[in-house]
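Structural features, examined
What follows is the residue order along each chain.
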Amino acid sequence: MIKNEKEYNYSKECAKKFEYSISVIQQDEAWRQNNPESWQSDIDVKKSHLMALQKEISEYETLINCENKQSIRIKVENFNKLPDTLVKARIAAKMSYKELADIIGFEEEKIKEYEAKNYRFASFSEILEISTALGIEFDDAFVKVDFDEIEEVKKIAEQWRRRKKGKELQPK
């Protein structure tokens, strides 16, 4: 996810490099003749990366160009993507780190650090404060509880505990 102008400009440069690289490979007739699978695979991989990059660039451009006259909808695929939503909302609101920090009484550096680390060390109450300051509201929010996934997580956790316990029992 592109979080600021510097990353945006860098992403656009990377996209240009991918486009150039793809065009060079497409013109390499010798490679295509000698190893068509490798040639096509390299093109496909680069095109895949380019498309992902173009999607991020487009999303960032949509956020920075949105008009603050009406609400926008930002899709949140799961709780792990909530930090992205906070960043996107700040960008769409055209709010600087300092402005957000001032509203909630934080230091600017704290907001920068939270975004850089995807809010990994923010408390739940801090996330609520930030989301309130950004005007984030859930609209028709549903949460799906996947019981099969719960059982899978239980199995993985048990395997992890067994391995950890086994390592603790080994002599050093």
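This one's a predicted model, so the numbers in the text were calculated from it and none came from an experiment.

A separate point is the nonpolar core. Counting residues in each nonpolar core, the largest one holds 32 residues, and the members touching the most others are Phe106, Ile111, Tyr119, Ile130 and Leu134. Those elements giving two or more residues to this core turn out to be α1 (5-26), α3 (36-65), α4 (82-92), α5 (97-104), α6 (108-116) and α7 (124-133). When neighbours within four sequence positions are excluded, tyrosine 119 is seen to be in contact with Pro83, Leu86, Val87, Tyr114, Ile127 and Ile130.

Moving on, we get to the environment of isoleucine 104. Here isoleucine 104 shows up in helix α5. Residue classification places isoleucine 104 among the buried residues on the basis of a relative accessible area of 15%.

What follows deals with the pattern of salt bridges. In the structure shown here, the tally under the stated rule is 15 salt bridges. Note that arginine 32 is salt-bridged to glutamate 29, the shortest N-O span being 2.6 Å. With arginine 32 and glutamate 29 both in helix α2 (residues 29-34), this residue pair falls three residues apart, about one helical turn. Here glutamate 29 falls in the partly exposed class, since its relative accessible area comes to 38%.

Where α5 meets α6, the axes come as close as 8 Å, and the angle between the chain directions of the two elements is 115 degrees. As summarised for this structure, α5 and α6 are arranged roughly perpendicular, according to the angle between their axes. Handedness of the α5/α6 crossing: right-handed. Contacts from Tyr97, Lys98, Leu100, Ala101 and Ile104 in α5 reach Glu108, Ile111, Lys112 and Glu115 in α6. A class-by-class count of the residues in the contact of α5 with α6 yields five nonpolar, no polar and four charged.

Taken together, the side chains of Phe79, Val143, Val145, Phe147 and Ile150 present a nonpolar region at the surface, about 560 Å² in accessible area. Relative to the assigned elements, valine 143 resides in the loop between α7 and α8 (147-169).

Summarising the element assignment, glutamate 126 is placed in helix α7. For glutamate 126, the side chain forms a polar contact with the side chain of lysine 110, separated by 2.9 Å. Side-chain polar atoms of glutamate 126 contact the backbone nitrogen of serine 123, separated by 2.8 Å. Excluding residues within four positions of it along the chain, glutamate 126 makes contact with Phe106, Lys110, Tyr114 and Phe121.

Conventions and cut-offs
Residues numbered from 1 in each chain as written. Predicted model: local features only at pLDDT ≥ 70, side-chain atom pairs only at ≥ 80, totals over all residues. Heavy atoms only, no water. Core = buried A, V, L, I, M, F, W, Y, C linked by side-chain atoms within 4.5 Å. Buried < 20%, exposed > 50% of the residue type's maximum accessible area, 1.4 Å probe, protein only. Helix = DSSP H or I, 4+ residues; strand = E, 2+ residues; numbered from the N terminus. Contact = heavy atoms within 4.5 Å. Salt bridge = Lys/Arg side-chain N within 4 Å of Asp/Glu carboxyl O. Axes fitted to C-alpha atoms, helices over the stretch in contact; angles between N-to-C directions. Parallel < 35°, antiparallel > 145°, perpendicular 65-115°, else oblique. Left-handed = near helix turned anticlockwise from the far one by under 90°. Nonpolar A, V, L, I, M, F, W, Y, C, P; charged D, E, K, R; others polar. Patch = residues over 30% accessible without salt bridge, like charges linked within 9 Å, V, L, I, M, F, W, Y side chains within 5 Å. Areas by Shrake-Rupley, 256 points an atom, 1.4 Å probe, with all protein chains shown as cover. Polar contact = N/O pair within 3.5 Å; in protein donor to acceptor, adjacent residues only side chain to side chain.

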